[in-house]
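# Coordinate inspection notes
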There are 2 protein chains.
Amino acid sequence: MSAAKKVLVYGGRGALGSACVSKFKELNWWVGSIDLNANDQADANIIVDKDAGWIDQETLILDQLQGLLNSNQLDAVICVAGGWAGGNAEKDLAKNCELMWKQSVWSSSISASIGSRFLKSGGLLTLTGADTALKGTPGMIGYGLAKAAVHQLTKSLAAPASGLPENSLVVSILPITLDTPMNRKWMPKADFSTWTPLDFIAETFAKWTDGDERPKNGSLVRLVTKDNKTALLADI
Amino acid sequence: MSAAKKVLVYGGRGALGSACVSKFKELNWWVGSIDLNANDQADANIIVDKDAGWIDQETLILDQLQGLLNSNQLDAVICVAGGWAGGNAEKDLAKNCELMWKQSVWSSSISASIGSRFLKSGGLLTLTGADTALKGTPGMIGYGLAKAAVHQLTKSLAAPASGLPENSLVVSILPITLDTPMNRKWMPKADFSTWTPLDFIAETFAKWTDGDERPKNGSLVRLVTKDNKTALLADI
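As the structure is a computational prediction, the values presented were derived from the model and not from experiment.

### Quick notes on the overall build of chain A
Within chain A, the secondary structure is distributed over 6 helices and 10 strands. Radius of gyration (C-alpha) of chain A: 17 Å, near the 18 Å computed for a compact globule of 236 residues. Judged by the C-alpha coordinates and their principal axes, chain A covers about 50 × 40 × 35 Å. Expressed as a percentage of the 236 residues in chain A, the buried residues total 54%. Of the contacts formed within chain A by residues at least 6 apart in sequence, a portion of 65% connects residues at least 24 apart.

In structure tokens form, the structure reads like this:
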């Protein structure tokens, strides 16, 4: 491996993850992807065994990463894995909660484990929360509670003795609506000028990795897009 | 079943759960307990299969409860199941998170499912959060994120169209330290006058079940004990 920046994208095959992989490759960084399927643009892929439990997934990923990185360290761990499910308490609550938990919290906690072992001093760890989960989410209970757990995890990891390396930065982005192909498909009549472009987020991650315009450690950064312009509101 | 109040205690064999079962039996209420082991004071017990998954536990418990209650409804569902594990991101994070998740979030979400099906109009659902999880918890990451999920679940369930019956009340208690035999064993030199007595909490639940001194729906009620007096701070 060269002296180029080294970044890992958890969820590197999803819409936002793919945008991040593309952006980081444009910058000539070394990019690893973790997902259920490979991202061919990435320099290395770790494929998650979706039938493995939480602990086994963590072990398998850490072991593979150890082999890949050898004694190199990462400049950033970008966790953009996730998903969405609706539903209130009346039906399939455990099922919806479990799915949301696996998609958002397993990936976030494993990213934290990765950070504690492979992130360099001063490195960046980003997680993905949700603006809506700052309040109650009665129509998407499983989604809200999983995202709230990610928010609190962000605060824990930013506090002293969390196990992350010295001077590292932990931040969660809190999207409102991302401008993804799937969202355009399902909400064709929405006002896209209020949706956050994926490229903007990838650029923001690149800046933070470079040490530029970093928010305060532990910030929950709301992404508020209006007239195609996105503001980062890190006041929480 | 008589016209007596009917209350279900999730975690009815634990320290706080047992105190609740005793208190409710003193009041001559019908009391059901859900736990890994039976509480002999309870009128009925549902034994959780600890090897079953989240969805299966929910199904098994709802089915058994349907049989037990016949067409009766519950006045209150009191979820006091939980546990504690320390640990930061450096070691066993997935393991600690999984244990905390199962103990606190599975029980809370299943209590919500129970509430949506068997709670009467105007009934009470209580969950158990933690004061410490209102901030980051770097030395007990799994515990903090599970409790934060419970806090957000409380807000979701209190919002319109959550699936709970009309006029029901959802509240989480946020203990600081409970005065349990185990806590006295492990912290023998602590100042017990700042620990919250279990009996006080059981009495509070009884009052709320009776419709007395109810906090606002969705409240996170901090239990702050000083000089052996406990204040309920429901300002969150």
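### Topic: the interface of chain B and chain A
At the junction of the two partners, chain B supplies 44 residues and chain A supplies 44 residues. Only helix H2 (54–69), helix H3 (93–118) and helix H4 (141–158) of chain B provide two or more residues apiece to the side of chain B that touches chain A. With 13 residues, H4 of chain B is the single largest residue contributor to the side of chain B that touches chain A. Looking at the side of chain B that touches chain A, its residues break down into 23 nonpolar, 15 polar and 6 charged.

### A short note on the relation of the copies chain B and chain A
At an RMSD of 0.0 Å, chain B and chain A line up after a rotation of 180 degrees and a shift of 0.0 Å along the axis. Here the transformation between the copies is reduced to the relation of a two-fold axis. Of every C-alpha in chain B, the one belonging to Ala149 of chain B sits nearest the axis of rotation, 2.5 Å from it. By residue overlap, the copies meet face to face through one surface: 100% of the interface positions of chain B are interface positions in chain A.

### Section: the sheet that holds strand E3 (residues 44–47) of chain B
Two strands in a sheet stick together by hydrogen bonds in their backbones, pointing the same way (parallel) or opposite ways (antiparallel). All names here are of chain B. Taken together, the 8 strands give an open sheet; going across it, the order is E3-E2-E1-E4-E5-E6-E9-E10, and neighbouring strands pair in mixed fashion. Where the open sheet ends on each side, the last strands, each with one partner, are E3 and strand E10 (229–233). The mean angle between the axes of side-by-side strands here comes to 20 degrees, regardless of whether they run parallel or antiparallel. Examined bridge by bridge, strand E6 (residues 169–175) and strand E9 (residues 220–226) share 4 bridges and lie parallel to one another. Its bridge partner lying in E9, Pro175 is registered against Leu223. Lying over the sheet, helix H1 (residues 15–26) contacts strand E1 (6–10), strand E2 (30–35) and strand E4 (74–79), oriented at roughly 165 degrees with respect to E2. H4 contacts strand E5 (119–128), E6 and E9 of the sheet and is inclined by roughly 160 degrees relative to E6.

### What to know about the environment of Thr230 of chain A
Its location among the elements puts Thr230 of chain A in strand E10 (residues 229–233). For the pair Thr230 of chain A and Ile201 of chain A, spaced 29 residues apart in sequence, the C-alpha separation works out to 9.3 Å.

### Comments concerning the pairing of E2 of chain B
Residue and element names in this part refer to chain B. Most of E2 is tucked away, with 6 of its 6 residues classed as buried. Side chains Trp30, Gly32 and Ile34 project from E2 onto one buried face, and the interleaved Val31, Ser33 and Asp35 project onto a second face that is buried too. Relative to E2, E1 runs parallel, the two sharing 5 bridges. Opposite Val7, over in E2, you have Val31 as the bridge partner. For the handedness criterion, the β-α-β arrangement of E1, H1 and E2 is classed as right-handed. Bridge count for E2 against E3 is 4 bridges, and the pairing is parallel. Across the sheet, the residue bridging to Ser33 is Asn45, located in E3.

### Observations concerning the sheet that holds strand E4 (residues 74–79) of chain A
Residue and element names in this part refer to chain A. Spatially, 8 strands are ordered E3-E2-E1-E4-E5-E6-E9-E10 in an open sheet, and the strand pairing comes out mixed. Looking at which strands have only one partner, the edges of the open sheet turn out to be strand E3 (44–47) and E10. Recorded for the sheet is a direction-independent mean angle of 20 degrees between the axes of neighbouring strands. Bridging between strand E1 (residues 6–10) and E4 involves 4 bridges; their strand directions are parallel.

### Thoughts on the nonpolar core
Judged by nonpolar contacts, the single largest core of 138 residues is most densely connected at Ile78 and Ala149 of chain A together with Ile78 and Ala149 of chain B. What Ile78 of chain A contacts, discounting residues up to four positions off in sequence, is Val7, Leu8, Val9, Tyr10, Cys20, Thr126 and Phe205 of chain A.

### Topic: helix H2 (residues 54–69) of chain A
Taking 1.5 Å as the rise per residue, H2 of chain A with 16 residues should run 22 Å; its terminal C-alpha atoms sit 22 Å apart, in good agreement. Buried residues of H2 of chain A: Gln57, Glu58, Ile61 and Leu65 of chain A, and no others. Across the axial projection of H2 of chain A, the buried residues extend over an arc of 100 degrees, all falling on one side. When the buried face of H2 of chain A is taken as reference, the exposed residues oriented beyond 90 degrees from it are Asp56, Asp63, Gln66 and Gly67 of chain A. For H2 of chain A, the elements touching its buried residues are strand E2 (30–35), E3 and helix H3 (93–118) of chain A together with H3 of chain B. Once H2 of chain A finishes, Asn70 of chain A follows within two positions and takes phi at roughly 55 degrees, a positive value.

### Observations concerning the confidence of the model for chain A
When the pLDDT values of chain A are averaged, the result is 96; 99% of them are 70 or greater. For this predicted complex, the interface confidence comes out at an ipTM of 0.96, alongside a pTM of 0.97.

### Some thoughts on the packing of H3 of chain A against helix H4 (residues 141–158) of chain A
All names here are of chain A. In contact at an axis separation of 7 Å, H3 and H4 are set at 20 degrees when each is read in the N-to-C sense. As the angle between them shows, H3 and H4 are arranged roughly parallel. The chirality of how H3 crosses H4 is right-handed. Residues Leu93, Asn96, Cys97, Leu99, Met100, Trp101, Ser104, Val105, Ser108, Ser109 and Ala112 of H3 form the contact with H4, whose own contacting residues are Ile141, Gly142, Tyr143, Leu145, Ala146, Lys147, Ala149, Val150, Leu153 and Leu157.

About the thresholds
Residues numbered from 1 in each chain as written. Chains lettered and ligands numbered in written order. Predicted model: local features only at pLDDT ≥ 70, side-chain atom pairs only at ≥ 80, totals over all residues. Helix = DSSP H or I, 4+ residues; strand = E, 2+ residues; numbered from the N terminus. Rg over C-alpha atoms; globule rule 2.2 N^0.38 Å. Buried ≥ 20, exposed ≤ 12 C-beta atoms within 10 Å, placed from the backbone. Contact = placed C-beta atoms within 7 Å. Nonpolar A, V, L, I, M, F, W, Y, C, P; charged D, E, K, R; others polar. Least-squares fit on C-alpha atoms with pLDDT ≥ 70 in both. Pairing = 2+ DSSP bridges. Axes fitted to C-alpha atoms, helices over the stretch in contact; angles between N-to-C directions. Right-handed = clockwise from strand over helix to strand, strands pointing away. Core = buried A, V, L, I, M, F, W, Y, C linked by C-beta atoms within 7 Å. Expected span 1.5 Å × (residues − 1). Arc of directions from axis to C-beta. pLDDT = per-residue confidence, 0-100. Parallel < 35°, antiparallel > 145°, perpendicular 65-115°, else oblique. Left-handed = near helix turned anticlockwise from the far one by under 90°.

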